[in-house]
Amino acid sequence: TIPWEEFKLFGTWPPREPGESVICSWIDVAGGKLLVGIGNGDIIEAREIIGGSLLVGIVISSLVGVIGGILLGWRADRSIRQIASTLDLVANGQLDERIRPAGTEGDLARVSHLVNGMLDRLQSVIVRLREVSGDIAHDLRTPISHVKHTLDFISSDGSSTEEIRVRAESASDEIQSVLATFEAILRTSEIESGIGRSRFQNVDLASAIRDVVDAFEPIAEEAGQVLASGIAAEAVLVRGDPELLRQLLANVVGNAIQHCPPGTHIDVSIEQRAGSIELCVSDSGPGIPESEWTSIFKRHHRLQKERSTPGF
């Protein structure tokens, strides 16, 4: 291989490509030697074309791989977030929520179907447990009511001694608290099963609040507290069970009075927004510890672990 510039030829023979050389060989012939050769410009050009093509192919393949990885990662992340969101809703009590996989194939789709099957079985077990607790409460309520009637008869019977009447009255009070617990279990089961919706009607929430506030105002005043409501005279209609709504108000207002010190201000208010009504019962008492904010919505959970005061 000899560079072009080293050739001493007649005329000018410029190279076609920078750095081009001549690939040549001397051949013996009669009377001398013959130099036979060819320039390597085609080889250099082919190398540049192949090298450029490989570089473009690598760039395109890398871009396709990166874009494909991003799309696959986004799809997988969306599926994982949907699974996590569904499990979070189920953990918060919405047992009928299910995962809706984006496709029918793939590992995440198979996982989604397995999780949905597990949630179906879990919902069935929990519903059955709730039904059993309601059935037990229903079955025990009647005999316990008979016991209470018997104790009431003994306590009011003139032939009973004073000690027997006192003991019978005390036992009757204890039985009444058991019956109240069973009533709460049955009412909760009705609400969760949807049976209670059959009693829904248009209820004047403002009137219900005024009734509850009027009933509890003397109790709050006796405890050294101020119970007030800035409810206007016009009706505020909602759809619901009037008895349960009044019980709800009585529970929350009663808790505020029971657990707040003297000097506490308790306020009941209604705020109407677009398409919704917000009922707020607030007080200036010590409040609920932040660590209990999520637990207070669990069934029968109470901050007072020893349960020395009545309540559910």
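In case you missed it, the structure is sitting above this.
First, a word on what this report is: a plain description of the structure on this page. (Residues numbered from 1 in each chain as written. Predicted model: local features only at pLDDT ≥ 70, side-chain atom pairs only at ≥ 80, totals over all residues. Heavy atoms only, no water.)

Observations concerning the sheet that holds strand E7 (residues 265-273)
Working definition: the strands of a sheet are paired by backbone hydrogen bonds and lie parallel or antiparallel to each other.
Part 1: Taken in spatial order, the three strands line up as E5-E7-E8 in an open sheet, and their pairing is mixed. Each having just a single partner strand, strand E5 (226-229) and strand E8 (276-283) make up the two edges of the open sheet. In this sheet, neighbouring strand axes are inclined to one another by 15 degrees on average, regardless of whether the strands run parallel or antiparallel.
Part 2: Where E5 meets E7, four bridges bridge the pair, whose relative direction is parallel. Residue Ser229 lies in a different strand from E7, and its bridge partner there is Val268.
Part 3: Packed on one face of the sheet, helix H4 (residues 205-222) meets E5, E7 and E8 and runs near 165 degrees to E5. (Pairing = 2+ DSSP bridges. Helix = DSSP H or I, 4+ residues; strand = E, 2+ residues; numbered from the N terminus. Axes fitted to C-alpha atoms, helices over the stretch in contact; angles between N-to-C directions. Contact = heavy atoms within 4.5 Å.)

Looking at helix H2 (residues 107-156)
Part 1: If you check H2, its first and last C-alpha atoms are 72 Å apart, about what 50 residues at 1.5 Å a residue would give, namely 74 Å.
Part 2: Approximately 30 degrees is the largest bend angle found in H2, and it occurs at Arg141, with the proline Pro143 only one to four residues beyond.
Part 3: Within H2, the full set of buried residues consists of Ala109, Ser112, Val115, Asn116, Leu119, Gly134, Ala137, Ile144, Ser145, Lys148, Leu151 and Ser155. (Expected span 1.5 Å × (residues − 1). Bend = angle between axes of the 7 residues up to and from the residue. Buried < 20%, exposed > 50% of the residue type's maximum accessible area, 1.4 Å probe, protein only.)

Here's the deal with H4
Part 1: If you check H4, its first and last C-alpha atoms are 26 Å apart, about what 18 residues at 1.5 Å a residue would give, namely 26 Å.
Part 2: Considering bend angle alone, the principal kink of H4 is centred on Phe216 and spans about 40 degrees; proline Pro218 follows within four residues of it.
Part 3: Buried residues of H4: Leu205, Ala206, Ala208, Ile209, Val212, Val213, Phe216 and Ala220, and no others.
Part 4: Among the structural elements, strand E4 (201-204), E5, strand E6 (237-240), helix H5 (242-259), E7 and E8 are those in contact with the buried residues of H4.
Part 5: At the N-terminal end of H4, a side-chain oxygen is found 3.2 Å from the backbone nitrogen of Ala206, two or three residues along, and the residue is Asp204.
Part 6: Gly224 lies just past H4 and shows a positive phi near 80 degrees. (Polar contact = N/O pair within 3.5 Å; in protein donor to acceptor, adjacent residues only side chain to side chain.)

Looking at the pairing of strand E3 (residues 32-39)
Part 1: Pairing between strand E2 (residues 21-29) and E3: eight bridges, direction antiparallel. Along E3, the bridge assignment pairs Cys24 with Gly37.

Description of the environment of Pro3
Part 1: Following the sequence through the fold, Pro3 ends up in strand E1 (residues 2-3).
Part 2: Overall, the relative accessible area of 24% leaves Pro3 in the partly exposed class.
Part 3: Linking Pro3 and Gly19, residues 16 residues apart in sequence, is a C-alpha distance of 7.6 Å.
Part 4: Apart from residues lying up to four places away in sequence, Pro3 is in contact with Glu20 and Ser21.

Some remarks on the side chain of Glu20
Part 1: One can find Glu20 in the loop between E1 and E2.
Part 2: Of note is the side chain of Glu20, whose polar atom sits 3.1 Å from the backbone nitrogen of Gly41.
Part 3: With residues up to four places along the chain from it excluded, the contact list for Glu20 reads Pro3, Trp4, Pro15, Gly39, Asn40, Gly41 and Ile44.

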